[in-house]
Amino acid sequence: MGTVVRAIPRTGSATTGWHLRSADASSGIAGGDERAEQLDDDALAPAPMSKRVRIESLWNSVKFVRRQGDVLFGDAAGGSDVLCYDLAGGPGPVTVVCNPAHITSIMTADPAIAPSATRQSPLRPIVGPNSVLTSIGERHRRQRALLMPRFHGRSVAAYRESIERATAARIDAWPVGEPVRLADLAQHLTLDVIMSAVFGLPDGRPTTEAERALRTALIRALHMSTQPVATAAQLMNGFSENPVGVTKLVLRPVDRAISGILAERRAESGRRERTDITALLLDARTEDGQPLSDGEIRDELLTLVLAGHETTANTVAWTFERLTRNPGVYDDAREAVAAGDDGYVAALLNESMRNRPVVPMVAREMLRPWRFGTTLVPSGMTVLVSILLLHHRDDLYPRPFAFDPGRFLGVRPAPHTLLPFGGGNRRCLGAALAMAELTTVVTEILRRVDLETHDRPAERPRHRNVTMIPQDGGLVRALAVR
Ligand code: HEM
């Protein structure tokens with residue numbers, strides 16, 4: 001299995017990708033005061049100012065958003081597992097937590113008291129306020145209950161063949177000897193899968209004019225979202241409910257195309273049996289018998305397409321970014337796949353999502369005062385659950401910056417210690433679909449493609465919207481494809 005071009009040391013800062021004060025040796029976060037509780041309304045003691053870092057300049061706020069890992073690891077190196085920030089231009093003070101006991105208290109709280117902070121999500125101006133991702137309360141509960149069955153095990157099993165076909169086609173076309181950005185390759189594949197699940201396109205391929213227009217508009221919009229202008233667009237949108245500027249321009253053709261699909265589906269009503277999510281939403285009725293409006297359906301469809309493909313594609317990219325810099329692990333993974341050891345692939349994916357969680361934090365609004373250890377936060381505070389810091393605690397994961405799937409072999413992680421898909425009543429709706437895609441794609445690449453491994457510096461994490469992605473898209477080169 002020897003495909004290593006140049007051997008690299010198994011540890012060392014060149015392979016971690018983080019520029020940290022405490023990287024490799026220790027995350028610095030361990031133990032801490034585990035007390036976490038919801039307090040009475042009159043317990044209004046604010047987070048002690050001594051613990052709150054005021055980030056005065058807009059530039060440093062942007063750095064916090066764009067280089068979250070560097071800032072958080074640096075601040076957590078002091079040993080604190082509760083960090084408080086006041087970001088210039090931000091929504092007000094925020095508290096960052098990464099202690100499993102504190103996280104459990106949030107994730108198991110009544111969602112009416114600790115709802116998702118969706119009104120601050122950078123995705124809201126894009127996918128709108130009506131979707132399962134951006135709504136809260138009763139509307140969220142209803143939409144989640146409607147969609148959930150389509151993302152459970154049996155439904156996901158039905159997508160498996162389509163995932164296998166899409167994977168085989170992309171690997172067959174792999175250009176040997178050329179640098180390939182795995183995020184791009186995987187994104188085509190995950191787009192095919194999600195288009196098939198959401199719009200019922202066979203293997204993601206359009207069969208009508210409206211479907212063709214939709215696929216083209218989506219690919220254009222997704223391409224735009226990878227360009228530097230997307231960051232400016234995100235800042236321009238701020239916390240507004242509706243898209244402005246470039247975002248509005250880019251979304252217009254997508255909205256038109258979705259309207260076209262809905263019109264086409266209504267026109268064919270009754271003539272064709274459909275099981276896709278568009279059909280589900282068109283048939284759905286509220287408790288008082290009303291259909292969903294086109295705007296509501298549009299928000300839901302766009303959410304599923306956006307949430308459902310970039311996250312998965314970049315997890316594939318990170319997995320091979322890590323493997324190509326850890327040749328010993330790469331060889332172990334290929335041997336395990338050759339031996340049909342599915343348990344190893346599951347451990348590899350856990351380790352990849354622990355080491356490089358594509359969604360590095362999730363946010364909740366605390367509508368009651370709360371205690372996290374010795375820090376009291378007042379009602380109204382936004383709490384950011386740092387999945388990145390949680391996953392690098394050395395009391396949970398010894399040598400947290402090492403890439404070692406062995407730590408998950410035969411191990412079921414304790415509750416709220418491994419959270420790539422978030423948790424509570426907002427846990428990722430597509431987790432089972434994502435795992436099915438990741439397992440197939442990663443197994444098949446390991447089985448069929450010989451990748452060059454090397455000692456180039458690790459790819460730096462880049463933050464786009466809510467995701468943390470490899471800055472070069474997980475650049476790899478195939479030496480051979482079988
Ligand atoms: C590796 C791939 C993926 C990762 C890492 C991921 C991660 C996440 C995370 C962290 C959240 C927020 C959870 C929280 O607030 O606690 C989320 C929400 C969500 N994800 Fe995923 N996701 C992935 C793939 C998918 C796929 C394939 C779909 C398919 C449609 C999807 C649909 C959603 C939806 C609809 C929500 C909102 C759920 C709600 O608020 O009730 N995701 N995801």
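Residues numbered from 1 in each chain as written. Predicted model: local features only at pLDDT ≥ 70, side-chain atom pairs only at ≥ 80, totals over all residues. Heavy atoms only, no water.

Naming follows an unreviewed UniProt entry, where the protein appears as Cytochrome P450 of Gordonia desulfuricans. You can read under Cofactor (unreviewed entry) in the UniProt record for the protein the words "heme". (UniProt positions renumbered as here; feature names shortened; annotations may be inferred.)

1. Some points on the confidence of the model for the protein
Of the residues in the protein, 85% have a pLDDT of 70 or more, and the chain-wide mean is 85. Here residues 19-26 is modelled with pLDDT under 50, and outside its nearest four sequence neighbours on either side it reaches 18 contacts, counting other chains as well. Counting contacts from residues 44-50, a segment whose pLDDT is below 50, to residues more than four positions away or on other chains yields 18 contacts. (pLDDT = per-residue confidence, 0-100. Contact = heavy atoms within 4.5 Å.)

2. Observations concerning the sheet that holds strand β5 (residues 179-181)
Taken together, the 3 strands give an open sheet; going across it, the order is β5-β13-β10, and neighbouring strands pair in antiparallel fashion. This sheet does not close on itself; its edge strands, each paired only once, are β5 and β10 (449-451). Each neighbouring strand pair of the sheet contributes to a mean axis angle of 55°, computed without reference to strand direction. (Pairing = 2+ DSSP bridges. Helix = DSSP H or I, 4+ residues; strand = E, 2+ residues; numbered from the N terminus. Axes fitted to C-alpha atoms, helices over the stretch in contact; angles between N-to-C directions.)

3. Some words on the site of the ligand
In the neighbourhood of the ligand, 26 residues make up the surrounding shell, with H140, R144, R364, R426 and C428 lying closest. Take H140: an N or O atom from its side chain is 2.7 Å from an oxygen atom of the ligand. Within the side chain of R144, an N or O atom sits 2.7 Å from an oxygen atom of the ligand. Looking at the shell around the ligand, the elements that each hand over two or more residues are α5 (137-147), α12 (294-324), β6 (361-365) and α16 (431-448). In the shell around the ligand, the residues fall into 14 nonpolar, 9 polar and 3 charged. (Near = heavy atom within 4 Å. Polar contact = N/O pair within 3.5 Å; in protein donor to acceptor, adjacent residues only side chain to side chain. Nonpolar A, V, L, I, M, F, W, Y, C, P; charged D, E, K, R; others polar.)

4. Digging into the coordination of the iron atom of the ligand
Looking at the iron atom of the ligand, one finds just one donor atom contributed by the protein, C428 (SG), at 2.3 Å. When you line up the elements, C428 lands in the loop between α15 (387-390) and α16. (Donors = N, O, S within 2.8 Å, 3.2 Å for Na, K, Ca; no water.)

5. Concerning α5
Residues of α5 that are buried: H140, Q143, R144 and L147. Looking straight down α5, one finds its buried side chains confined to an arc of 100°; they lie on one side. Taken together, the buried residues of α5 touch α11 (277-283) and α12. (Buried < 20%, exposed > 50% of the residue type's maximum accessible area, 1.4 Å probe, protein only. Arc of directions from axis to C-beta.)

6. As for the sheet that holds strand β7 (residues 370-372)
Note: strands within a sheet are paired through backbone hydrogen bonds, in either parallel or antiparallel orientation. Read across the open sheet, the 3 strands follow the order β1-β7-β8; overall the sheet is antiparallel. Each end of this open sheet is capped by a strand with a single partner; those strands are β1 (36-38) and β8 (375-377). Neighbour-to-neighbour, the strand axes of the sheet open up by a mean angle of 15°, direction not taken into account. The pairing of β7 with β8 spans 3 bridges and is antiparallel. Bridge pairing links W370 to V377 in β8. Where helix α3 (residues 100-107) meets the sheet, its contacts fall on β1 and β7, and the angle it forms with β7 comes to roughly 160°.

7. Things to note about the pairing of strand β3 (residues 82-87)
Regular strands place their side chains on alternate faces of the sheet. Where burial is concerned, most of β3 is hidden: 6 out of the 6 residues are buried. By the alternation rule, side chains of β3 split into V82, C84 and D86 and L83, Y85 and L87, which are all buried. Two elements, β3 and strand β4 (residues 93-97), share 5 bridges in a ladder whose sense is antiparallel. If you follow V82 over to β4, its bridge partner there is V97.

8. Notes on the side chain of S131
Along the chain, S131 falls in the loop between α4 (124-127) and α5. Polar contacts involving the side chain of S131 include one to the main-chain amide nitrogen of L133, which spans 3.1 Å.

9. Section: the packing of aromatic side chains
A complete count under the given rule lists 2 aromatic pairs for this structure. Relative to F408, the ring of Y397 has its centre 5.9 Å away and its plane inclined at 55°; by these criteria the two rings are tilted. With Y397 in the loop between α15 and α16 and F408 in the loop between α15 and α16, the pair connects residues that are 11 residues apart, well separated along the chain. In this structure, Y397 and F408 share a single accessibility class: buried. Its end group placed over the ring of Y397, R354 keeps NZ or CZ at 5.1 Å from the ring centre. Between R356 and the ring centre of W318, over which it is positioned, the NZ or CZ distance is 5.1 Å. (Phe/Tyr/Trp six-rings, centres within 6.5 Å; stacked < 30°, edge-to-face > 60°. Lys NZ or Arg CZ within 6 Å of the ring centre and 35° of its normal.)

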